[in-house]
Amino acid sequence: MKEKATAGIKLADVARYAGTSASTVSRVLNNQPGISEATRAIVLEALRAIGYNPKATGSVAPVRDSRTRIDILICPLAEQKNPMELNYYGAMLKGIRQATDSSKINLKMTIFTGEAETLPKSENTAGVLLLETPSEDLRRYLNEAKIPFVILSNNTGTYSEDLVSVDKFGESLRLCGYLAGIGIRRLGLLLPRIDLIYCEGFRCGMARHGLPIADSDIHLTKNTDLSHYVAPVHRMLEEGNLPEALVVASYAAADFCTEMFRMKKIRVPEDIRLVAFTDEEGEDNPNYITMRFDSVEMGRLAMERLLRKIGQPERKPHHIIVPMRFSMKQDKEKR
């Protein structure tokens, strides 16, 4: 016999809400290992958003929630099939929670698929946080519905709305001064097309120091998937004419390149230096020149901005830029 919806919210319902499997929800509830912090965070937020009684048997008992609702729409890149497994989103959510009074605010998270039923309705939500790459259509919908929103992304794009991000162009310029100062005369770039603004920053920055980057040293991949790094790295190795330093998009990309170089007996950082971007918690990798951005701080600032915007909707759009810091093995001083 089909069970009525009023009988309670099943774990499967929570799983659909969180974008995970029912077994994942169960493992989080039972505090079992093997769940990433990002996934655990979104499941716990989903449970709290729905409202539940952990002592209920067979179902999660719904309770009425009178808190102010704020929607978080995660708009991942196409290649990010499991976004909640990425530290990037988990760190942003951590910062959002730090700026949230859970006794007054109910956070509802959705991995936005572009379907109409996943859109927040003005009568249900006080405001929206858009994570990563919200489409123009989505932003237009929110503007027309007069729903306050803030974009939280490390891809600045051409957004005219409220935004919390990093200055990829400016930070690249700043790093070029440092690289030139430590004797780097030839810089290579291996970046996804979405990070084209990094390329422009590095090109302008090195040119300012009389060290222009040759077109042959610029390699743009289709997207952030590491499989697209194989061909350009293999081509560099076959040509045997590596730059003194190579900029890549992430620690994962740097680790990938390091392994490919190792197979050809090329050492990092002795034979080639790698410049990598990260927001991962923990110590900087001593083998890389690290550009670190703070996704937790970005999440906190985005939530604070949205709360101010909800209270004063007439506020003009404002861009908040969170600075990066960089370090390397020979220079542990934060800059």
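Report follows, based on the coordinates.

1. Brief notes about the sheet that holds strand 5 (residues 163–165)
The strands making up a sheet associate through hydrogen bonds between their backbones, and the pairing can be parallel or antiparallel.
Then, number 1: As summarised here, the arrangement of the 6 strands in space is 2-1-3-4-5-11, forming an open sheet in which the pairing is parallel. Of all the strands in the sheet, the pair left with one neighbour each is strand 2 (105–111) and strand 11 (319–321). Averaged over all pairs of adjacent strands, the angle between their axes in this sheet comes to 20 degrees, without regard to strand direction.
Then, number 2: Note that strand 5 and strand 11 share 3 bridges and pair parallel. Along strand 11, the bridge assignment pairs Val164 with Ile320.

2. Examining the pairing of strand 6 (residues 187–192)
Then, number 1: A large share of strand 6 lies buried, amounting to 6 of its 6 residues.
Then, number 2: A two-sided burial pattern is seen for strand 6, the buried positions comprising Leu187, Leu189 and Leu191 on one face and Gly188, Leu190 and Pro192 on the other.
Then, number 3: Where strand 6 meets strand 8 (residues 245–248), 4 bridges bridge the pair, whose relative direction is parallel. Looking at the pairing, Leu190 lines up with Val248 of strand 8.
Then, number 4: Pairing geometry for strand 6 and strand 7 (residues 218–221), over 4 bridges, is parallel. Paired with Leu189 across the bridge in strand 7 is Ile218.
Then, number 5: Following the backbone out of strand 6, through helix 7 (residues 196–208) and into the adjacent parallel strand 7, one traces a crossover that is right-handed.

3. Describing the sheet that holds strand 10 (residues 288–292)
Then, number 1: Read from one edge to the other, the open sheet built from 6 strands follows the order 7-6-8-9-10-12, with strand pairing classed as mixed. Both edges of this open sheet fall to strand 7 and strand 12 (325–327), since each of them pairs with a single strand only. Going from strand to strand, the sheet's axes swing by 15 degrees on average, the running direction of each strand aside.
Then, number 2: Sheet topology note: the strand 9 (residues 273–278)/strand 10 ladder contains 5 bridges and is parallel.

Cut-offs used in this document
- Residues numbered from 1 in each chain as written.
- Predicted model: local features only at pLDDT ≥ 70, side-chain atom pairs only at ≥ 80, totals over all residues.
- Heavy atoms only, no water.
- Pairing = 2+ DSSP bridges.
- Helix = DSSP H or I, 4+ residues; strand = E, 2+ residues; numbered from the N terminus.
- Axes fitted to C-alpha atoms, helices over the stretch in contact; angles between N-to-C directions.
- Buried < 20%, exposed > 50% of the residue type's maximum accessible area, 1.4 Å probe, protein only.
- Right-handed = clockwise from strand over helix to strand, strands pointing away.

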